[in-house]
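# Geometric and topological summary
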Amino acid sequence: GKPIHHVVFSPQHEYICIQRSDTEIEFTVVSKLRTFIKTVRKPKDSRILGIHWTFRSNMIVVTTHTVELYQVEESGQLKLLKYYNVDVNWYKYAA
C-alpha cells in the first residue's frame, strides 16, 4: 500500500484520519470499520498540509488553497460546514 504521511485520531477515538498522499485522506469510522476517501477541494493543485480535530466530531483540513471545517454525521459521512479560500504556504496548529 501507499506510505502513511500522517495519522490522527478523533478526541474520543471514534474516527481515524490517515493521510497517504498530498491530495487524499482516508477517513474511518472505528465502530463500523467503514472507510471513506476524502479528496481535496479545487483547485487541482491543492495539497493537504494538515488535519486536526477541533471537537468530538469536527475536523479542520488545511490545504495550500483552503481551510475547511467538516462535521462527521451519524452516518459516518463528512459534511462540509465552512471553507475559506486562502493561500497557505505553511501553518502551525496549537491546541
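Residues numbered from 1 in each chain as written. Predicted model: local features only at pLDDT ≥ 70, side-chain atom pairs only at ≥ 80, totals over all residues. Heavy atoms only, no water.

## A short note on the nonpolar core
- Counting 14 residues, the largest nonpolar core has Cys-17, Phe-27, Ile-51, Trp-53 and Met-59 as the members making the most contacts within it.
- Those elements giving two or more residues to this core turn out to be β2 (15-19), β3 (24-29), β5 (48-55), β6 (58-63) and β7 (66-72).
- When near neighbours in sequence (up to four residues on either side) are disregarded, Met-59 contacts Cys-17, Ile-51, His-52, Trp-53, Thr-54, Glu-68, Leu-69, Tyr-70 and Leu-78. (Core = buried A, V, L, I, M, F, W, Y, C linked by side-chain atoms within 4.5 Å. Buried < 20%, exposed > 50% of the residue type's maximum accessible area, 1.4 Å probe, protein only. Helix = DSSP H or I, 4+ residues; strand = E, 2+ residues; numbered from the N terminus. Contact = heavy atoms within 4.5 Å.)

## Remarks on unusual backbone geometry
- The backbone of His-13 shows a phi angle near 60°, a positive value even though the residue is not glycine.
- Relative to the elements of secondary structure, His-13 occurs in the loop between β1 (6-9) and β2.
- The exposed category is assigned to His-13, whose relative accessible area is 53%.

## Things to note about the sheet that holds strand β8 (residues 78-85)
- If you walk across this open sheet you meet the four strands as β5-β6-β7-β8, and the pairing is antiparallel. Lying at the two open borders of the sheet, with one neighbouring strand each, are β5 and β8. Along the sheet, successive strands turn relative to each other by an average axial angle of 20°, direction set aside.
- Of the pairings in the sheet, the one linking β6 to β7 comprises five bridges and is antiparallel in character. Residue pairing for β7: Val-61 is matched across the bridge by Glu-68. (Pairing = 2+ DSSP bridges. Axes fitted to C-alpha atoms, helices over the stretch in contact; angles between N-to-C directions.)

## A few points about the packing of aromatic side chains
- Inspection of the entire model under this criterion finds three aromatic pairs.
- An angle of 20° between the planes, with centres 5.5 Å apart, marks the rings of Tyr-15 and Phe-27 as stacked. With Tyr-15 in strand β2 and Phe-27 in strand β3, this residue pair connects regions lying twelve residues apart in the sequence. Here Tyr-15 matches Phe-27 in class, with each residue buried.
- For the ring pair Tyr-15 and Trp-53, a centre distance of 5.7 Å and an interplane angle of 15° mean the geometry is stacked. Here the residue Tyr-15 occupies a position in strand β2, and Trp-53 occupies one in strand β5, the gap between them amounting to 38 residues.
- What makes Tyr-15 buried here is its relative accessible area of 12%.
- Residue classification places Trp-53 among the buried residues on the basis of a relative accessible area of 10%.
- Chaining the aromatic ring pairs together yields one cluster made of Tyr-15, Phe-27 and Trp-53. (Phe/Tyr/Trp six-rings, centres within 6.5 Å; stacked < 30°, edge-to-face > 60°.)

## Re a nonpolar patch on the surface
- Taken together, Ile-4, Val-7 and Phe-9 make up a surface patch of nonpolar side chains, about 270 Å² in accessible area.
- Turning to its location among the elements, Ile-4 is positioned in the segment before β1.
- By relative accessible area, which is 48% here, Ile-4 ends up partly exposed. (Patch = residues over 30% accessible without salt bridge, like charges linked within 9 Å, V, L, I, M, F, W, Y side chains within 5 Å. Areas by Shrake-Rupley, 256 points an atom, 1.4 Å probe, with all protein chains shown as cover. Salt bridge = Lys/Arg side-chain N within 4 Å of Asp/Glu carboxyl O.)

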